[in-house]
Amino acid sequence: MLKEKVFEQLKTAMKEKNVLAKGVFTLLKSALDTAEKEKGAALTKDEEISIVNREIKQTNQALDGAKQANRDDLIEKEEAKLTLLKSFLPKQLTEDEIVAVLTEAGVSKGMNMGDAMKIAKPILAGKADSATISKVVKSLI
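Everything in this summary refers to the structure shown in the same document. Treat the numbers as computed from the prediction; the structure is a model and nothing was measured.

Next up on the list: the layout of surface pockets. Estimates place the volume of the largest pocket at around 540 Å³. If you trace the largest pocket, you find 21 residues lining it, with Asn53, Ala128, Asp129, Ser130 and Ala131 closest to the centre. The element best represented in the lining of the largest pocket is helix α3 (residues 45-68), accounting for eight residues. In the lining of the largest pocket, the residues fall into nine nonpolar, seven polar and five charged.

A separate point is helix α1 (residues 2-15). The end-to-end C-alpha separation of α1 is 20 Å, in line with the 20 Å expected for 14 residues at 1.5 Å each. Looking at α1, one finds that the buried residues are Leu2, Lys3, Val6, Leu10 and Ala13. On an axial view of α1, the arc spanned by its buried residues comes to 95°, and they lie on one face. Those residues of α1 that are buried lie in contact with α2 (19-39) and α3. A positive backbone phi angle near 55° is found at Lys17, which sits one or two residues after α1.

Attention now moves to the packing of aromatic side chains. In this structure the tally under the stated criterion is one aromatic pair. Relative to Phe88, the ring of Phe25 lies with its centre 5.7 Å away and its plane at 90°, an arrangement referred to as edge-to-face. Here Phe25 is found in helix α2, whereas its partner Phe88 is found in the loop between α4 (72-86) and α5 (95-105), with 63 residues between them in sequence. The same class applies to Phe25 and to Phe88, which are both buried.

Quick notes on the rules
- Residues numbered from 1 in each chain as written.
- Predicted model: local features only at pLDDT ≥ 70, side-chain atom pairs only at ≥ 80, totals over all residues.
- Heavy atoms only, no water.
- 1 Å grid on protein atoms, 1.4 Å probe; cavity = no way out; pocket = protein on both sides within 12 Å on 5 of 7 lines; lining within 4 Å.
- Points joined across faces, edges and corners; volume = space filled by probe spheres on them.
- Helix = DSSP H or I, 4+ residues; strand = E, 2+ residues; numbered from the N terminus.
- Nonpolar A, V, L, I, M, F, W, Y, C, P; charged D, E, K, R; others polar.
- Expected span 1.5 Å × (residues − 1).
- Buried < 20%, exposed > 50% of the residue type's maximum accessible area, 1.4 Å probe, protein only.
- Arc of directions from axis to C-beta.
- Contact = heavy atoms within 4.5 Å.
- Phe/Tyr/Trp six-rings, centres within 6.5 Å; stacked < 30°, edge-to-face > 60°.

Right under this line is the structure:
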């Protein structure tokens with residue numbers, strides 16, 4: 001399970017006195033623990049991945065804010081956080097691979113964007129970020 005992997009990484013970061021990694025792993029472990037308590041049962045792999053994706057989305061928003069403020073120190077910190085968080089995701093598909101998966105699933109020209117996304121989201125959950133999925137779907141329909 002992802003939670004155990006995060007906890008092991010957290011212990012390693014604490015031993016190495018890596019403040020940034022410790023903070024990221026503590027935050028992620030806390031988010032996973034909270035979601036598990038709310039559900040009242042162990043999380044599925046897809047649920048764990050969605051939590052990691054949520055943390056990545058929040059970090060991307062913080063990175064955008066740092067870029068707008070021209071804060072190089074914060075930009076570097078947020079990019080390091082992204083790298084750590086993305087290490088918990090499965091291998092991400094390339095745009096070409098996404099096109100192949102969606103074409104096989106029935107996404108085609110003339111299709112409504114909402115219908116196409118209803119097909120794409122479950123198939124590609126955790127395998128590609130939502131911005132890339134939207135971009136590829138738009139190019140296909």
